[in-house]
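For reference, the chains in residue letters:
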Amino acid sequence: MTVPPVPLPARTTVGVVGAGPAGLLLARLLHRAGIDCVVLESRTRDYVEQRQRAGILEQATVDALRSSGAAERLDREGLAHDGVELRWGRRRHRVDFPSLTGGRRVWVYAQTEVVKDLIGLQLGDGAPLLFDAPVSAVVGADTARPLVRYTHGGAEHTLACDYVVGCDGFHGVTRNAAPEGALTTFERAYPYSWLGVLADVAPSNDELVYAHSPRGFALLSMRSPTVSRLYLQVPNGTDPGAWTDERIWDELDARFAVDGDWSLARGPITQKSVLPMRSVVTEPMRWGRVLLAGDAAHIVPPTGAKGLNLAAADVIVLARAFEQWARTGSTAGLDAYSDTCLRRVWRAEHFSWFMTTTLHTAPGQSDFDTRLQLSQLDRVAASAHAAAELAENYVGGPVG
Ligand code: FAS
Ligand code: PHB
């Protein structure tokens, strides 16, 4: 028996463009608040669920997932981490989070798993979440009824909304809903990228390792007790296919090298990809009845583990604002949304820039600049104040 096609909604309160962490968490929070929304995602469910990205969740992100009933597997499989290790000049120094931040910590739980959990819950609740539904345009941002134009099943459709939220990432279309020149973009590109790999081997350290080395930056992270996630700085334009497994492990060995008894376990590399590094902020994060959240509004280099967590923070603020509007008619929260989020965004942009420029060795970097980096790392090891500044930024704080 053929399954009748799901009737496509022509109208909703909040139209959400994009089913990444921002769009899915927003939809979950709105659904729990009884505010109807429709999520339109251009890619397939499989594609979205397999896309390798972030791995670290701040407490505020975990709290939002828990309060929206989306943390059952996270609480079972997620790993709570109380610190990270920095390495430079064959030294190692652990930055302890709880003692420096009044008890805060982070969680290791991959973005792919967050996305799978949220999709499963939304579809299970029958909330409208359409895959293979690319949005071509958002129009009428300055009217009371913005429209989302999308295709699905080979036909063109229009969704009439009270509000539209662009959660469609850096390459999305929702930003184009604002008139030319209405939004300002602030950006910085970096002269290097990350080669990221997944490997079927137990992580060689209990906590993450961020390594400065004259050969370039390296990061040891993890996805589970048997899967490692590792990154190494490579030149922009690097072809991941040019890096054999042996070359990757040899280079990581050289960059993580420390005095004393530590070695990097090797295993089969199951995935390789190259990620460019950039900082981007779009201001304001709203135009009329169209609002931007997550990577649609800002990008950070992943060195500070902020991307996913900033996306979550945006939609936590936004969901509260929509709840206030639905309950009281007041748009105060919506009107303050951009300014509220941009304070956290710029703090995260600065921290991500600080971690990136302190730990990476830029092409042609002067010895003077290298000495400045090493002095900063020595300072973190020598001063509880400097270590606390890094720890507080890394674990993040309450939202809003
Ligand atoms: P996303 O980009 O995740 O989601 C946007 C969604 O919108 C996508 O599913 C896309 O298909 C959809 N979309 C786009 N255009 C559309 C259209 N026209 N119509 C409908 N749907 C549309 N952050 C970290 O903290 N650590 C990391 O290690 C890390 N690694 C990363 C690696 C890569 C390759 C990239 C690109 C980013 C990485 N990030 C990392 C940052 C990343 O985690 C983002 O911050 C996070 O995905 C942001 O979530 P969203 O804002 O939901 O955007
Ligand atoms: C990851 O596990 O993918 C990860 C962790 C920390 C970062 C970046 C990426 O800073």
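Residues numbered from 1 in each chain as written. Chains lettered and ligands numbered in written order. Predicted model: local features only at pLDDT ≥ 70, side-chain atom pairs only at ≥ 80, totals over all residues. Heavy atoms only, no water.

Caption draft 1: Structural view of the packing of aromatic side chains. Taken as a whole and judged by the stated rule, the model has 12 aromatic pairs. The interplanar angle of 70 degrees and the centroid separation of 6.3 Å between the aromatic rings of Phe 322 and Trp 325 together place this pair among those described as edge-to-face. Within this pair, Phe 322 and its partner Trp 325 are both found in helix α8 (residues 307-328), separated by 3 residues, close to a single helical turn. Summarising the burial analysis for this pair, Phe 322 and Trp 325 share the class buried. In this structure an aromatic cluster arises from ring pairing among Phe 97, Trp 194, Tyr 210, Phe 217, Tyr 231, Phe 351 and Tyr 394. Seen from the ring of Trp 107, Arg 66 lies directly overhead, with NZ or CZ sitting 5.1 Å from the centre. (Phe/Tyr/Trp six-rings, centres within 6.5 Å; stacked < 30°, edge-to-face > 60°. Helix = DSSP H or I, 4+ residues; strand = E, 2+ residues; numbered from the N terminus. Buried < 20%, exposed > 50% of the residue type's maximum accessible area, 1.4 Å probe, protein only. Lys NZ or Arg CZ within 6 Å of the ring centre and 35° of its normal.)

Caption draft 2: Up close: the pattern of salt bridges. Applying the stated criterion across every chain, the model contains 26 salt bridges. The residue Glu 58 makes a salt bridge to Arg 344 at a minimum N-O spacing of 3.2 Å. Separated by 286 residues along the polypeptide, Glu 58 in strand β3 (residues 56-58) and Arg 344 in helix α9 (residues 332-359) bring together distant segments of the chain. On the basis of relative accessible area, Glu 58 is assigned to the buried category, the value being 3%. Salt bridges sharing common partners tie together Glu 72, Arg 73, Arg 76, Glu 77, Glu 113, Lys 116 and Asp 117. (Salt bridge = Lys/Arg side-chain N within 4 Å of Asp/Glu carboxyl O.)

Caption draft 3: Local environment of the site of ligand 2. Lining the immediate environment of ligand 2, one finds 15 residues, of which Tyr 210, Ser 221, Arg 223, Tyr 231 and Pro 302 sit closest. The separation between an oxygen atom of ligand 2 and a polar side-chain atom of Tyr 231 is 2.6 Å. Isolated, ligand 2 exposes 280 Å² of accessible area, and the fraction of that covered by the protein chains is 97%. Of all the secondary structure elements, the ones that give two or more residues to the shell around ligand 2 are β13 (208-211), β14 (218-224) and β15 (227-234). Residue contributions to the shell around ligand 2 peak at 3 residues, all from β14. Across the shell around ligand 2, the residue classes tally to 9 nonpolar, 3 polar and 3 charged. (Near = heavy atom within 4 Å. Polar contact = N/O pair within 3.5 Å; in protein donor to acceptor, adjacent residues only side chain to side chain. Areas by Shrake-Rupley, 256 points an atom, 1.4 Å probe, with all protein chains shown as cover. Nonpolar A, V, L, I, M, F, W, Y, C, P; charged D, E, K, R; others polar.)

Caption draft 4: Up close: unusual backbone geometry. Pro 284 follows Glu 283 through a cis peptide bond whose omega is -15 degrees. Mapped onto the elements, Pro 284 comes out in the loop between β16 (269-283) and β17 (286-287). Even without being glycine, Asp 132 reaches a positive phi, approximately 50 degrees. By relative accessible area, Asp 132 is classed as partly exposed at 43%.

Caption draft 5: A look at empty space enclosed by the protein. The tally for this structure, following the rule as stated, stands at 3 cavities of 30 Å³ or more. Each pocket or cavity is described by its volume, and for the largest cavity that value is around 40 Å³. Lining the largest cavity, in full, are Pro 21, Ala 22, Leu 25, Thr 61, Leu 65, Val 114, Leu 118, Leu 308, Ala 311 and Ala 312. Taken together, the residues of the lining of the largest cavity break down into 9 nonpolar, 1 polar and no charged. (1 Å grid on protein atoms, 1.4 Å probe; cavity = no way out; pocket = protein on both sides within 12 Å on 5 of 7 lines; lining within 4 Å. Points joined across faces, edges and corners; volume = space filled by probe spheres on them.)

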